[in-house]
Every structure is written in structure tokens, then in C-alpha cells.
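Observations on the model geometry
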Amino acid sequence: MKKQITLNLLILLAIAVQSCNNTKKTDDKNPAKSTEVTDSLPYREFEEVNGEPDQNIAYEPEVTYPKTGKKIADFLPKTGIYEVQYETEGDLNNDGLADIAIVLKYRENNVSKRPMLILLQNGDKSYRLDKVSNITMPVEYNEADYKLYDTEDITIENGGLNINLYSIGPSGTIFGSFKYIGNDFILDMIEAEYRGAGGHSGLFYNYEGGDITINQTNTMEEDQPVTSKTTKAKVKRYLFENTSITEFFNEDGNTK
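Structurally, G90 is set in strand β2 (residues 82-90). In this structure the C-alpha to C-alpha distance between G90 and G160, which are 70 residues apart in sequence, comes to 8.7 Å.

What follows is the structure, given as C-alpha cells:
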């Protein structure tokens, strides 16, 4: 009797093993069940942007500008990432030839820096790149997608490059002018006006006089009294390449 039971158990075990082997062969024929798919790329977090580029991420590309050319387009980076936003023409270095100043805008967003290029004309009507500044012209929009200045323009008059920024908001209205002294292109004059609740202030600097004047108007009083203070500016040349006209009165203790 025990031998019969043992024999029956061996038969059942053999059937179970055969069933497992058949199941494995069936799975081998269906790779979707037997193969584990893994991501071979390194893990990276992404932010959902609903298919649109994030306009609040400032991108500052590293570019190389051509040194010479016959027209403005010849000086744009070959990558095609910039377009010309503003341009003006006039004699900047007093050689009787019409030079060019341009403001570039990054194509993909409005919060990146806007390079300014100064192109001096040669005797053969070609141009050479003389100065580049990534900070003189402010960004167009801040990270909250707020346009900083209502209107902007650049002009060349009387040998100077004028940058005019107009705003009725907190950015204020700023006029700045640069001129050549020798080979240096320096800040010649800057004037700013800021309006707020209870008053407004005006600030003025000119290179020749070396003075900074601050005027404060109290609009809370009926006669709107004005107080004025003039101090000597630091004796230095504020180079076009290194000068932000929107931050000038906030840097280097210029208004102290």
C-alpha cells in the first residue's frame, strides 16, 4: 500500500514539473511577458511646461561676434539665436563716417540679456566691431513677465549714443549717453526720474562736471517743496562695456 502511495506521488510530481516547463516555453514565445524594459538614459527631472518654453528662465548664450563686415547682418552670431531689435546710425568717433549701434534680442524669450554692439565704419565703407556690452541695455521683461519700460529707443546725435527708457511705473524714466574719449566709449551723462506715493526723485550725473545731483520732491505738501543735494562722483571712466544705466545709481556707492 505504501509503495502504491509513493508511486502516485512521484507521478503527480512529474506532471507538475512538466506543467511548469510548458508554461516557461509559452512565456519565452511572448517577449512582452518575459522581458523587463528599463530606461538606459540617466535620470533627469523635468518641469511640465504644457508644450511651451518657460519664458521665465533666462538663457545667456555664449556667442562669438564677427569682427568685420559690410552690413549689420554680418555681425550677428552664426547660430541665429539673436535678431536686431533696435538700430541707429551716426558719427560716434568724429571721423566723418556714419557708425552704427544695434541692440540684439534673444529669439526664444524676453528675459535674457540684450547685447549692444558698436560698429565703426572704415574708409572702404565696411565696418569693424569696436565695443560689445551685455549690461548697458536692461532686459525687456522681468521674471514675472512684466515689461519694464513702456517705450525704448536709441539714437546717435552730436557724437553721442543716447539710450532712452520711458516708464510711468516703478522702473522710472532713464536717459543715458555714451561718448568716445580716445579709444574708450564712456558714460557721458545719465538722468533718471522715479515717481512714487508721496513724491518723486530725480538723479543726474555728467562726466565733464563729475557731479551727481539728487532732487527730492515732496508731493504730499501743497507747495511741493524740492530738496537738492550735489556730491562729487568717483573719478573714473564708466566704460560702455561695464556700465548698466539702470543700475548706475545703485552701484559703487555712486549716490553717497
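Two modes of strand pairing occur in sheets, parallel and antiparallel, and in both the strands are linked by backbone hydrogen bonds. In space, the 7 strands of this open sheet follow the order β6-β7-β8-β9-β10-β11-β12, with antiparallel pairing throughout. Each having just a single partner strand, β6 (151-157) and β12 (226-232) make up the two edges of the open sheet. Between one strand axis and the next, the sheet turns by 10 degrees as a mean value, whatever way the strands run. In this structure, β6 lies alongside strand β7 (residues 160-166), joined through 7 bridges in antiparallel fashion. Residue T151 lies in a different strand from β7, and its bridge partner there is Y166.

Once that is clear, we can look at the side chain of S167. When you line up the elements, S167 lands in the loop between β7 and β8 (173-181). Side-chain polar atoms of S167 contact the backbone nitrogen of G169, separated by 3.0 Å. In contact with S167, other than residues within four places in its own chain, are L148, Y149, D150, G172 and T173.

When you tally the buried positions in strand β3 (residues 99-106), you get 8 out of 8 residues, the bulk of the element. Burial along β3 is two-sided: D99, A101, V103 and K105 facing one way and I100, I102, L104 and Y106 facing the other are all buried. Two strands pair when backbone bridges link them, and β2 and β3 are joined in this way by 8 bridges, in the antiparallel orientation. The partner of G90 across the bridge, within β3, is D99.

Rules used throughout
- Residues numbered from 1 in each chain as written.
- Predicted model: local features only at pLDDT ≥ 70, side-chain atom pairs only at ≥ 80, totals over all residues.
- Heavy atoms only, no water.
- Helix = DSSP H or I, 4+ residues; strand = E, 2+ residues; numbered from the N terminus.
- Pairing = 2+ DSSP bridges.
- Axes fitted to C-alpha atoms, helices over the stretch in contact; angles between N-to-C directions.
- Polar contact = N/O pair within 3.5 Å; in protein donor to acceptor, adjacent residues only side chain to side chain.
- Contact = heavy atoms within 4.5 Å.
- Buried < 20%, exposed > 50% of the residue type's maximum accessible area, 1.4 Å probe, protein only.

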